[in-house]
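Each chain, written out:
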Amino acid sequence: MTLKEIAWLVDSSAYMSNTLKNHPDVYTIPLNIHFGLEQFVDGIDLTPEQLYDRIRNGTESIKTSQPSAGEFAVLYEKLSKEYDSIIAIHVSKSLSGTLSSSISGAQVAQVQVEFIDSLSLSAGITGLVEKGLQLQEEGLFYEDIAAKLREMTSKFRNYILIGNLTQLYKGGRLSSAQFYLGSLLKIKPIIQITPQGELKELDKVRSHKKALQYLINKAVEAADKDGLKHVYIMHANAEQQAIDLKEAILQQAPHLQFTIGEISTSLAVHAGEDTVALLWYL
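Draft legend 1. Inspection of the overall build of the protein chain at higher detail. Broken down by element type, the protein chain carries 11 helices and 13 strands. Relative to the compact-globule value of 19 Å for 282 residues, the protein chain shows a C-alpha radius of gyration of 19 Å, a close match. When its C-alpha atoms are laid out on the principal axes, the protein chain stretches across 65 × 50 × 30 Å. Counting across all 282 residues of the protein chain, residues that qualify as buried make up 51%. When contacts within the protein chain are restricted to residue pairs at least 6 apart in sequence, long-range pairs at least 24 apart make up 74% of them. Looking at charge distribution, the protein chain has the averaged site of its 26 positive side-chain charges lying 8 Å from that of its 33 negative ones.

Right under this line is the structure:
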């Protein structure tokens with residue numbers, strides 16, 4: 001049997017664009033979501049609507065966990081029988097243990113895999129895979145593709161506007177005092193994934209309108225100064241807000257192209273409803 005060229009593996013924190021969703025060689029391994037003692041599989045047995053309803057109305061703790069090394073091993077054994085090579089691109093290892101589980105799974109299966117720490121999540125992973133597929137079409141060897149994608153991670157830029165402080169508070173990332181003051185003063189945190197793949201607070205903006213203008217300014221500035229061409233707008237149950245943000249940016253940077261998509265349920269657990277984010281590669 002003739003083996004296919006490259007299997008691409010991402011975890012479910014990635015945004016599945018149409019390119020990824022419709023590609024026969026792109027595979028997704030799901031993260032897990034826990035409501036108290038209940039466990040759900042991201043994107044399979046928990047819809048975004050169900051998640052947001054439980055975030056709004058539930059009282060139980062919510063957390064996520066990575067797939068086990070055993071789950072990865074089973075998948076890698078299967079892929080190794082169908083493909084010459086495998087490239088796995090995962091959520092930043094500073095944010096999740098998924099990459100470590102993936103590496104352990106490949107070791108158990110005794111399968112050679114090119115691993116890439118995206119140093120990002122969501123559309124950050126998407127952009128890497130889309131570029132990788134392009135390089136594959138150009139005829140590059142899989143090890144060269146992986147090397148170029150690792151270099152590309154340093155060109156990632158992102159600005160994330162947290163829409164609702166409630167989930168940050170429930171998740172233990174805000175104290176009671178911070179949550180109370182933030183809600184009272186209508187503070188909107190802008191956070192960012194650093195070049196090291198870590199989350200940090202970038203700024204605090206008073207009022208939602210000013211926070212959206214902050215995002216608009218960042219995209220327009222990148223278009224003017226850095227030659228930005230394509231922007232991902234990711235949202236958590238806030239599609240109209242994402243569309244309005246796109247239109248506002250286009251008024252000042254009409255040449256920009258956009259992809260709008262919803263973040264996975266595993267990310268929404270942490271970011272909360274109404275979060276919007278701008279992400280791009282320079």
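Draft legend 2. Structural context of the pairing of strand β12 (residues 257–262). As defined by bridge partners, strand β11 (residues 230–235) adjoins β12 across six bridges and the pair is classed as parallel. The partner of H235 across the bridge, within β12, is E262. You can see the chain leave β11, run along helix α10 (residues 239–252) and come back into β12, and the turn it takes is right-handed.

Draft legend 3. Spotlight on the confidence of the model for the protein chain. Taken as a whole, the protein chain shows an average pLDDT of 90; of its residues, 92% reach a score of 70 or greater. The low-confidence segment residues 172–185 (pLDDT under 50) makes 16 contacts with residues lying over four places distant or belonging to another chain.

Draft legend 4. The pattern of salt bridges, seen in detail. This model, assessed by the stated rule, comprises six salt bridges. A salt bridge links E82 to K78, with the shortest nitrogen-to-oxygen separation between them at 3.2 Å. One salt bridge connects R150 with E114, and the closest N-O pair in it is separated by 2.7 Å. In this pair, R150 sits in helix α6 (residues 142–152) while E114 sits in strand β7 (residues 114–117), placing the two residues 36 residues apart along the sequence. The class for R150 is partly exposed, based on a relative accessible area of 36%.

Draft legend 5. Spotlight on α6. Listed as buried for α6 are Y142, I145, A146, L149 and M152. For α6, the angular spread of the buried residues around the axis is 115°, confining them to a single face. The inward-facing, buried residues of α6 contact β1 (4–11), β6 (83–90), β7, α5 (123–137), β8 (156–161) and β13 (276–281).

Draft legend 6. Just the packing of α5 against α6, in detail. Running from N to C, α5 and α6 point in directions that differ by 145°, and their axes come no closer than 10 Å. Seen along the crossing, α5 lies across α6 with a hand that is right-handed. Two secondary-structure elements touch here, α5 through G127, L128, K131, G132, L135 and Q136 and α6 through I145, K148, L149 and M152. For the contact of α5 with α6, a count of residues per class yields five nonpolar, three polar and two charged.

Draft legend 7. Fine view of the sheet that holds strand β3 (residues 32–35). Ordered by their spatial adjacency, three strands build an open sheet running β4-β3-β5, and the pairing between neighbours is antiparallel. Edge positions in the open sheet fall to β4 (38–41) and β5 (62–65), since each of these has one partner strand only. Sheet twist, expressed as the average angle between the axes of neighbouring strands with direction ignored, equals 25°. Bridge count for β3 against β5 is four bridges, and the pairing is antiparallel. What sits directly across from H34, in β5, is K63.

Draft legend 8. Inspection of the sheet that holds β1 at higher detail. Sheet architecture is open: four strands sit in the order β2-β1-β6-β7, paired in parallel fashion. Unpaired on one side and paired on the other, β2 (26–29) and β7 mark the two borders of the sheet. Taking the axes of each pair of neighbouring strands and ignoring which way they run, one obtains an average angle of 20° across the sheet. Note that β1 and β6 share six bridges and pair parallel.

Draft legend 9. Representation of the side chain of S13 within the structure. With respect to the element layout, S13 can be found in the loop between β1 and α1 (18–21). We classify S13 as buried; its relative accessible area is 2%. A polar contact of 2.4 Å, which involves the side chain of S13, links it to the side chain of D11. Other than its neighbours up to four places away in sequence, S13 contacts L31, V91, L121, S122, I125, S264, S266 and L267.

Thresholds, definitions, all that
Residues numbered from 1 in each chain as written. Predicted model: local features only at pLDDT ≥ 70, side-chain atom pairs only at ≥ 80, totals over all residues. Heavy atoms only, no water. Helix = DSSP H or I, 4+ residues; strand = E, 2+ residues; numbered from the N terminus. Rg over C-alpha atoms; globule rule 2.2 N^0.38 Å. Buried < 20%, exposed > 50% of the residue type's maximum accessible area, 1.4 Å probe, protein only. Contact = heavy atoms within 4.5 Å. Lys, Arg positive; Asp, Glu negative; His and termini not counted. Charge placed at Lys NZ, Arg CZ, Asp CG, Glu CD. Pairing = 2+ DSSP bridges. Right-handed = clockwise from strand over helix to strand, strands pointing away. pLDDT = per-residue confidence, 0-100. Salt bridge = Lys/Arg side-chain N within 4 Å of Asp/Glu carboxyl O. Arc of directions from axis to C-beta. Axes fitted to C-alpha atoms, helices over the stretch in contact; angles between N-to-C directions. Left-handed = near helix turned anticlockwise from the far one by under 90°. Nonpolar A, V, L, I, M, F, W, Y, C, P; charged D, E, K, R; others polar. Polar contact = N/O pair within 3.5 Å; in protein donor to acceptor, adjacent residues only side chain to side chain.

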